[in-house]
Amino acid sequence: MTTKRNFVVDGKSLDVSIWELRAVEGKKRTTFNARWRVAGGQFSATFKTRALANGFRADLTSAIRRGEAFDVSTGRPDSMAPPPEPEWSWFQLACTYAEMKWADAAPKSRAGIAETLAAATVALVPASTNRPDTAVLRGTMYHWATNPARRRRDPPAQFADAARWLEKNALPVSRLADATVLRAVLETFGRKLDGTAAAASTYRRKRAVFHNLLEYAVEIDLLPVNPLTKLSKTSRRTPAAIDPTVLIDHHRAEALLDALASQDASGRRLVAFFGCIYYAALRPSEAVALRQTALLLPDRDGDWGELHLSGSAPASGRAWTDSGQRRESRQLKHRAMGDVRRVPCHPRLVELLRAHLNEFGTTFDGRLFRGARGGPLSEGVYGRAWALARQAALTEAEAASSMAARPYDLRHACVTGWLNATGDAAQVAAWAGHSVNVLLRVYIRCVAGRDELAKQRIAEALKR
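A quick note: this is a predicted structure, and the numbers were derived from the prediction, not measured.

### Quick word on the overall build of the protein chain
- Broken down by element type, the protein chain carries 19 helices and 10 strands.
- Expected size for 464 residues packed as a compact globule is a radius of gyration near 23 Å; at 32 Å, the protein chain overshoots this value by more than 25%.
- Judged by the C-alpha coordinates and their principal axes, the protein chain covers about 100 × 60 × 55 Å.
- Per-residue burial for the protein chain yields a buried fraction of 44% across its 464 residues.
- Considering only intrachain contacts with a sequence separation of at least 6, the fraction spanning at least 24 residues in the protein chain is 62%.
- When the accessible surface of the protein chain is summed, it comes to about 25000 Å², and 52% of that surface belongs to carbon and sulfur atoms.
- Taking the average location of the 68 positive side-chain charges in the protein chain and that of its 47 negative ones, the two points are 4 Å from each other.

So, in structure tokens, the structure goes:
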């Protein structure tokens, strides 16, 4: 046994002892252990042959004779330390993070993560002369690198060169601790592709994804702390509430439904679809997923019914779904799987639903609304029908304005109508699938007449 003694200095020590080899008989073969001690800590290494073990032991002995200090954590002298692992690059971290998030993320969330990482990449590669075009870099990240299913295959031809360049040239993860680098990333989040300012909600969404990625880098020991937490936040304020000019009154809403009914069969199929959005505040993705089993229709005309909503079918593109379809069945937004939202069904909507069932029936699995060939209803189909209805039912000036420009604006009109009619924010929030806080923040500018009622109540209270 060879021994040299000294105190531990900077994690290194000369107090080293080496023992004789030990043969370990296993079920299939005998292996050989080289064993040694450094400053009281015991270490060992296993080898398949005695010759390999003897060679390793001889290297340890030679290091002691040269007076090398041994690392007390690894048990090795510097001359025998394993080569350091190469530092992770931004490209490697982005791909790993996207794959980690994939399984539990909704298709739209997957696409949102890819969009964020593609934007960040523009700021996290050097501005060299051979740098690929910015659009190609974004496309490589969005369409290939951050999509685990596609990344298992070689990149498409148009992205192959950029993919190889990114693997070699993306900045190391350690550079993310630089405030200047972080500011450059955040600047890309605040701009659209054409260079104009992005919406504050878009900036906040991308910043949140980037923050989560940095937390993951800390979790896997690539960064000591999340550097974004030390960066002062840049205020990007835009009105969170919806614009009242998109709202439509009841007369015009009915005129739009009549315009749809006067179209060909493809338009008539959608009257009840848009009726569900206007009269029951369904999100379009919820109306697409609506099944006959969710309808509780009354026996008599003029009575109210009820809708029991339990699912949604948001569109996100085939690349982001597990099924390979553009739409994927999901739970209700912000709800757990299996949760049900009960929504009142206005007598007029009862009438529209009955007429739809009588004329068009349902698909084999009970869906009310579908495409011309029976598949899931696409945004393109109902978007074109809506555009034609607006041209037919509205004046030229109204059709050119933002009034009911999107089908989703019918939902806004419905929720606003419920709030103005009832004043019960908690009940309306439950029907609409919002929290009360979000409901009031989004629709506060559209509530009419409540200020006068509040003034009257204050005056009566003061009189008493």
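### Considering helix 7 (residues 179-189)
- Restricting attention to buried positions, one finds in helix 7 the residues Val 181, Leu 182, Val 185, Leu 186, Thr 188 and Phe 189. Axial view of helix 7: buried residues confined to an arc of 155°, hence all on one face.
- Those residues of helix 7 hidden inside the fold are in contact with helix 3 (107-123) and helix 8 (200-219).
- Looking at where helix 7 begins, the residue whose side-chain oxygen comes 2.8 Å from the main-chain nitrogen of Thr 180 is Asp 178.

### Considerations on the nonpolar core
- Ranked by internal contacts, the top residues of the largest apolar core, which has 62 residues, are Ile 248, Phe 273, Phe 274, Leu 290, Leu 307 and Leu 353.
- The element best represented in this core is helix 11 (residues 271-280), accounting for nine residues.
- Sequence-distant contacts of Phe 274, that is, excluding residues within four places in its chain, are made with Leu 257, Leu 260, Tyr 382, Trp 386, Pro 407 and Leu 410.
- The next biggest cluster of nonpolar side chains, apart from the first, holds 41 residues, and it includes Tyr 97, Tyr 203, Val 209 and Leu 231.

### Digging into helix 6 (residues 157-169)
- In this model helix 6 runs 19 Å from its N-terminal to its C-terminal C-alpha over 13 residues, within 8% of the 18 Å that 1.5 Å per residue would give.
- Every buried residue belonging to helix 6 is among Phe 159, Ala 160, Ala 162, Ala 163, Trp 165 and Leu 166, and all of these are buried.
- Turning to helix 6, the residues buried within the fold contact helix 2 (90-102), helix 3 and helix 4 (134-145).

### Regarding the packing of aromatic side chains
- The full count for this structure, using the stated rule, is 13 aromatic pairs.
- Each ring, one from Trp 36 and one from Phe 56, has its centre 5.4 Å from the other, and the planes form 55°; the classification is tilted. Of this pair, Trp 36 sits in strand 5 (residues 30-38) while Phe 56 sits in helix 1 (residues 50-65), and the two are 20 residues apart along the sequence.
- Under the relative-accessibility criterion, Trp 36 is labelled buried at 1%.
- The exposure class of Phe 56 is buried, given its relative accessible area of 10%.
- Over the aromatic face of Trp 102 sits the side chain of Arg 110, whose NZ or CZ is 4.2 Å from the ring centroid.
- Its end group placed over the ring of Trp 144, Arg 151 keeps NZ or CZ at 5.7 Å from the ring centre.

### Structural notes on the sheet that holds strand 9 (residues 305-309)
- Here three strands make up an open sheet; going across it, the order is 8-9-10 and the pairing antiparallel. Two strands lie at the open edges of the sheet, namely strand 8 (295-296) and strand 10 (341-345), each paired on one side alone.

### What to know about the packing of helix 16 (residues 408-422) against helix 17 (residues 425-432)
- Orientation of helix 16 relative to helix 17, taken along the N-to-C sense of each, is 155°, at an axis distance of 9 Å. On the basis of their axis angle, the class for helix 16 and helix 17 is roughly antiparallel. With respect to the hand of their crossing, helix 16 and helix 17 are arranged in right-handed fashion. Here Arg 411, Val 415, Trp 418, Leu 419 and Thr 422 of helix 16 come into contact with helix 17, specifically with Ala 425, Val 428, Trp 431 and Ala 432.
- Each residue belonging to the contact of helix 16 with helix 17 can be placed in one class, and the counts come to seven nonpolar, one polar and one charged.

### Details of the pattern of salt bridges
- Evaluated as defined, the whole model comprises 20 salt bridges.
- One continuous salt-bridge network, built from bridges that share partners, spans Glu 115, Arg 205 and Lys 206.

### Description of the packing of helix 11 against helix 16
- At a minimum axis separation of 6 Å, helix 11 and helix 16 run at an interaxial angle of 30°. Judged by the angle between their axes, helix 11 and helix 16 are roughly parallel. Every residue of helix 16 that contacts helix 11 at Phe 274, Ile 277, Tyr 278, Tyr 279 and Ala 280 is listed here: Leu 410, Arg 411, Ala 413, Cys 414 and Trp 418.

### Describing the environment of Glu 85
- On the secondary structure map, Glu 85 appears in the loop between strand 7 (70-71) and helix 2.
- According to the relative accessible area criterion, Glu 85 is exposed, its value standing at 75%.
- Each C-alpha atom, one on Glu 85 and one on Ala 200, is 40 Å from the other, the two residues being 115 residues apart in sequence.

Reading the values: the criteria
- Residues numbered from 1 in each chain as written.
- Predicted model: local features only at pLDDT ≥ 70, side-chain atom pairs only at ≥ 80, totals over all residues.
- Heavy atoms only, no water.
- Helix = DSSP H or I, 4+ residues; strand = E, 2+ residues; numbered from the N terminus.
- Rg over C-alpha atoms; globule rule 2.2 N^0.38 Å.
- Buried < 20%, exposed > 50% of the residue type's maximum accessible area, 1.4 Å probe, protein only.
- Contact = heavy atoms within 4.5 Å.
- Areas by Shrake-Rupley, 256 points an atom, 1.4 Å probe, with all protein chains shown as cover.
- Lys, Arg positive; Asp, Glu negative; His and termini not counted.
- Charge placed at Lys NZ, Arg CZ, Asp CG, Glu CD.
- Arc of directions from axis to C-beta.
- Polar contact = N/O pair within 3.5 Å; in protein donor to acceptor, adjacent residues only side chain to side chain.
- Core = buried A, V, L, I, M, F, W, Y, C linked by side-chain atoms within 4.5 Å.
- Expected span 1.5 Å × (residues − 1).
- Phe/Tyr/Trp six-rings, centres within 6.5 Å; stacked < 30°, edge-to-face > 60°.
- Lys NZ or Arg CZ within 6 Å of the ring centre and 35° of its normal.
- Pairing = 2+ DSSP bridges.
- Axes fitted to C-alpha atoms, helices over the stretch in contact; angles between N-to-C directions.
- Parallel < 35°, antiparallel > 145°, perpendicular 65-115°, else oblique.
- Left-handed = near helix turned anticlockwise from the far one by under 90°.
- Nonpolar A, V, L, I, M, F, W, Y, C, P; charged D, E, K, R; others polar.
- Salt bridge = Lys/Arg side-chain N within 4 Å of Asp/Glu carboxyl O.

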